[in-house]
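In case you want the letters, here they are:
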Amino acid sequence: MRMPPPTPIRGRSRTNRSRIGLVAAVGILFTVLTSLRGVSVFYTEYLWFHEVDLTSVWRGVLGAKVLLALLFTAIFFAAMWLNLFIADRLAPRFRAQGPEDEFVQRYQETVGRHSGKVRALVAFLFALLSGTGVSGQWHNWLLFRNGVDFGIEDSQFGRDVGFFVFKLPFISFLVDWAFVSVVIIAAVTVGAHYLNGGIRLQAAGERVTPRVKAHVSVLLGALALIKAVGYFFQRYELQFSTRGAVHGATYTDVKAQLPAIQLLIIISLAAFVLFVVNIRRQGWVLPLIGVGLWALISVLVGAVYPAFIQKFRVEPAENRRERPYIVRNIAATRQGMGLTDVVTKDFSYDDKLNADDLAKNSATVRNVRLWDPKFVKDTYQKLQEIRSYYRFNDVDIDRYVVNGKMTQTLVSARELNPPELPANSWVNRHLQYTHGFGVILAPANAVTTEGKPDFYVKDVPPVGEPKIAQPRIYYGEKTGGYAIVKSDQAEIDFPRGKGGDQTTTYSGKGGVPLNSFFRRVALALRFGDPNFVLSGLLRSDSRAIYLRDIGERVRAAAPFLRYDADPYPVILKGRVLWVQDAYTTTSRYPSAQRANTERVPDGSGLAGGFNYVRNSVKVVIDAYDGSMVFYLIDDKDPIAKTYAKAFPKLFTPGKAMDDELRAHLRYPEDLFRVQTNMLGRYHITDPLEFYNAGDAWNVAQDPGSGSPAAATQKTTTRVNATTVQERELRQDPTYMLMRLPGEEKESFLILQPMVPGGSDKQRNLTAFVTAKSDPGEYGKIQVFVMPRGRQIDGPSLADARTSAEPSISQAITQLNQQGSSVLLGNMLLLPIEDSLLYVRPLYVTSDRNKLPELKRVIVIYADRAVMRPTLQEALAEIFGDAPATLEEGPDNPDGTPSTPRTADESVATLLERADAAFAAADAALRAGNLSEYEKKVKEGIALVRQARQRGGAKSTTTTTDQAA
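Residues numbered from 1 in each chain as written. Predicted model: local features only at pLDDT ≥ 70, side-chain atom pairs only at ≥ 80, totals over all residues. Heavy atoms only, no water.

**Student:** Please clarify how the overall build of the protein should be interpreted in this entry.
**Tutor:** What the protein contains, in helices and strands, is 28 helices and 33 strands. For the protein, with 964 residues in total, the buried portion stands at 53%. Of the contacts formed within the protein by residues at least 6 apart in sequence, a portion of 69% connects residues at least 24 apart. Within the structure as shown, the protein displays about 43100 Å² of accessible surface, and the carbon and sulfur contribution to it stands at 55%. (Helix = DSSP H or I, 4+ residues; strand = E, 2+ residues; numbered from the N terminus. Buried < 20%, exposed > 50% of the residue type's maximum accessible area, 1.4 Å probe, protein only. Contact = heavy atoms within 4.5 Å. Areas by Shrake-Rupley, 256 points an atom, 1.4 Å probe, with all protein chains shown as cover.)

**Student:** I'm lost on the sheet that holds strand β11 (residues 483-485) in this one. Help?
**Tutor:** Within a sheet, neighbouring strands are paired by backbone hydrogen bonds and run either parallel or antiparallel to one another. Taken in spatial order, the three strands line up as β11-β15-β14 in an open sheet, and their pairing is antiparallel. The open sheet has two free edges, formed respectively by β11 and β14 (512-513), since each of these has just one partner strand. Where β11 lies against strand β15 (residues 543-545), three bridges are found, and the strand directions are antiparallel. Note on β15: the bridge partner recorded for V485 is R543. (Pairing = 2+ DSSP bridges.)

**Student:** What am I meant to see in the pattern of salt bridges here?
**Tutor:** Oppositely charged side chains are able to pair whenever their charged atoms sit close together. Applying the stated criterion across every chain, the model contains 30 salt bridges. A salt bridge links K618 to D581; the shortest N-O distance between them is 2.3 Å. Of this pair, K618 sits in strand β19 (residues 612-622) while D581 sits in strand β18 (residues 574-586); the two residues are 37 residues apart in sequence, bridging distant segments of the chain. No difference in accessibility class separates K618 from D581, as the two residues are buried. Between E853 and K855 there is a salt bridge; the shortest N-O distance is 3.4 Å. Looking at K855, the relative accessible area reads 23%, which means it is partly exposed. Sharing partners across several salt bridges, the network here consists of D398, R399 and D774. (Salt bridge = Lys/Arg side-chain N within 4 Å of Asp/Glu carboxyl O.)

**Student:** I'm lost on the packing of helix α5 (residues 138-146) against helix α6 (residues 161-196) in this one. Help?
**Tutor:** A packed helix pair is summarised by two numbers, namely the angle formed by the two axes and the spacing between the axes. Closest axis-to-axis distance for the α5/α6 pair is 8 Å, and the angle between their directions is 130°. For the element pair α5 / α6, the angle class is oblique. Crossing angle aside, the handedness with which α5 passes α6 is left-handed. Along the contact surface, α5 presents N140, W141, L143 and F144, while α6 presents V165, F166, K167, P169, F170 and I171. Tallied by class, the residues present in the contact of α5 with α6 amount to eight nonpolar, one polar and one charged. (Axes fitted to C-alpha atoms, helices over the stretch in contact; angles between N-to-C directions. Parallel < 35°, antiparallel > 145°, perpendicular 65-115°, else oblique. Left-handed = near helix turned anticlockwise from the far one by under 90°. Nonpolar A, V, L, I, M, F, W, Y, C, P; charged D, E, K, R; others polar.)

**Student:** Sorry, what's going on with the nonpolar core here?
**Tutor:** Side chains of a nonpolar character, in soluble globular proteins, are inclined to be buried together. By size, the foremost hydrophobic cluster in this structure holds 103 residues, and its most contacted members are F560, L561, M628 and F630. If we skip the residues at most four places from it in the chain, F630 touches L54, V554, A557, A558, L561, Y563, V617, K618, V619, L650, F651 and T652. Counting residues in each nonpolar core, the second largest holds 75 residues, with V365, F375, V857 and L875 among its members. (Core = buried A, V, L, I, M, F, W, Y, C linked by side-chain atoms within 4.5 Å.)

Right, here's the structure in full:
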């Protein structure tokens, strides 16, 4: 008796369907939630670009990414689908049985009538993997589409440099992508043939059908043809070779590697012909011959032969073999690094400087920078932070007209310090304490009677000249996070004491309006903060300010530019503006040497590899409303012209820049570091002298700053964890306002001393390099070369003179004890007429209160080193007289003590009084009474000066006088 079939349980079926639906719903919900933040970031980035009126850049970059992804995905999909379709059509209907037939049969039964869908799905999945990644090539694609000519032909192939910079990178990518894609398609196609029965690995008879062999031959022929194209363009890559004495195509590349590549092109084309012929022959002999021949030739001719030529023909006579290629490299490197217009002058050094020469250069003396930015930031913080929630992130050097005279100044913005807010509440962080307030500005040479900076702009609210009508700083150097303005919570400007806080409501155009619930939700997701939706203090006209950091802001707006590590504030027409230097770079300038970037700060865009650089763009950011203007100041730069062509609404012509703003532009320090690194070798234009490097320079050793007891700092170069070179740190360049020798007026410039190349044993000055910043001469680089055969002290040797002067060492020892610490400031090289001065400030700080105060100035001239309370006094000690500076002495504004003078004192009497004062100073120094020591020294110096003025006599000094 047969049992009836079981009745289906409908309830269980519905339960299973419910479970499946629940799992599907959970999966969909999870996918949506995990995608929401990405969508919100995408949307809020668009809102930000719309806020700064740069949606054209957003659309341009996004459009390039989407176009590449869609185009290459479609191309790969079509190629893959077509080959799988052919593989299905070439499948044999009948094959001899083999051990793997059961597996193939099961596959065909499973796929069966769904083979078309499977084919499309496989092609689509592989296309996504291969095609979407191409969106990362958007930058090279934009350069390829918009590239312009350089107007300069490369030295080997006669092609315009623009081809190497703009076209070749994307072409090389295309060839590589095509080769990899065909390899993947070939592998998948072979798998499809196996599953379709066209390939039997364990069959007793024919394992591969003739039609499958023909199909595989077509794919292998495509690979050979792509390889031939790749070799053709690989020839141009020789211009970036690093094999020889210099970068670029050198002897081995031109005489061995280039012919080898040309032979490989022929071999690849021959292999392609063999594969095409094999379509009819349908065997394996010709493919094996083609692949084997290509492999053998590529190893022997492409690798072994060039290595042999380099080792046995080039290296034994490298200076002679490489000579024409060194000539190419010198020309290309100087062009790439912007050094073709460098002006070289002989510096006719002498030690005949006198007081009259100083008087002729009074403006230079008045602007000697006595405040080292490295230390004055601590002084600024102690004197002018006002409240702990303010901070000074950086101190920058600029120039302003003060009391009718151009004056070198130090300027710093008082920015917000979020970690030090009174309370770490959401309202405090984002609604109340939203901005910094004001800027401080002080002459680089001005000192008060207490040894502190003499501020021309200070306090909160700011007072002084130049006036600041809008002092609020919503965008700064290290201003992170976000702020919400125009809310129902008033923003705090500064405390007013018993009267409460001074508050404000933002009235600028910065920030994204929160005028819809959707925007609030998007920002809440972006920042992970539900208060955008929950807070009752927000209004429909509230605005969210984000991307507030200057560096982050400009990189988001124009990611294809590289940026300097040091933006600086400018006070202009009552507002605070930030100036950010931007660079165009490439590593594709043919025959040029890669830049030496060892002294470039880590945060700089020039820290990476390149062999061409221009400071073509100045970005100006308003500290209040965040608006950005990208000024194209070098419209001759082909890379900048290409970006302007790709993003025509991004750049503003440099000629549209306000003249007052132009007067505050600085030649960027990061670029100058790179150029002086390269000039050390590339000031030599004769190829044999260049190869010998006998006249190579190096940036001068850093004599160090900070504690006099600090050890000399060194830097170590390592390759694969092995120490290659260890040497002393190099000196930083310095901004100066001065008159160069042979010129009629002062210039704001940056200066770098140079010493002989090689080991650190050579410390004598060989040259100094300057680059000007003033309108009309901006970017003019000059090299002043010292006389050959003369021993002229470099900064390190000048520092050694101060250490060897017993009176100075003794005075520093006395100052560096009893709860006080001495800090040595920057060592400044000061060329005046045909002579050189070194000036170094000395600060004293209390161990309890870290407030560096300027107490002494060291001046080194020829073989003399003196230390005095002021620069003017130190110069007067050496030269008999000195122009006025902006320093104030410890007693009276002119530096003289308050001791009464009698009108009828003779010169002899004044000198006797001076000797007595110096003797008293000696006694006070031995007793450790520093205040009395300072008082008596100043009294003695004033008496000597008075005697000189009365009788025209030269200074009479004592040992104590030398130590003052």
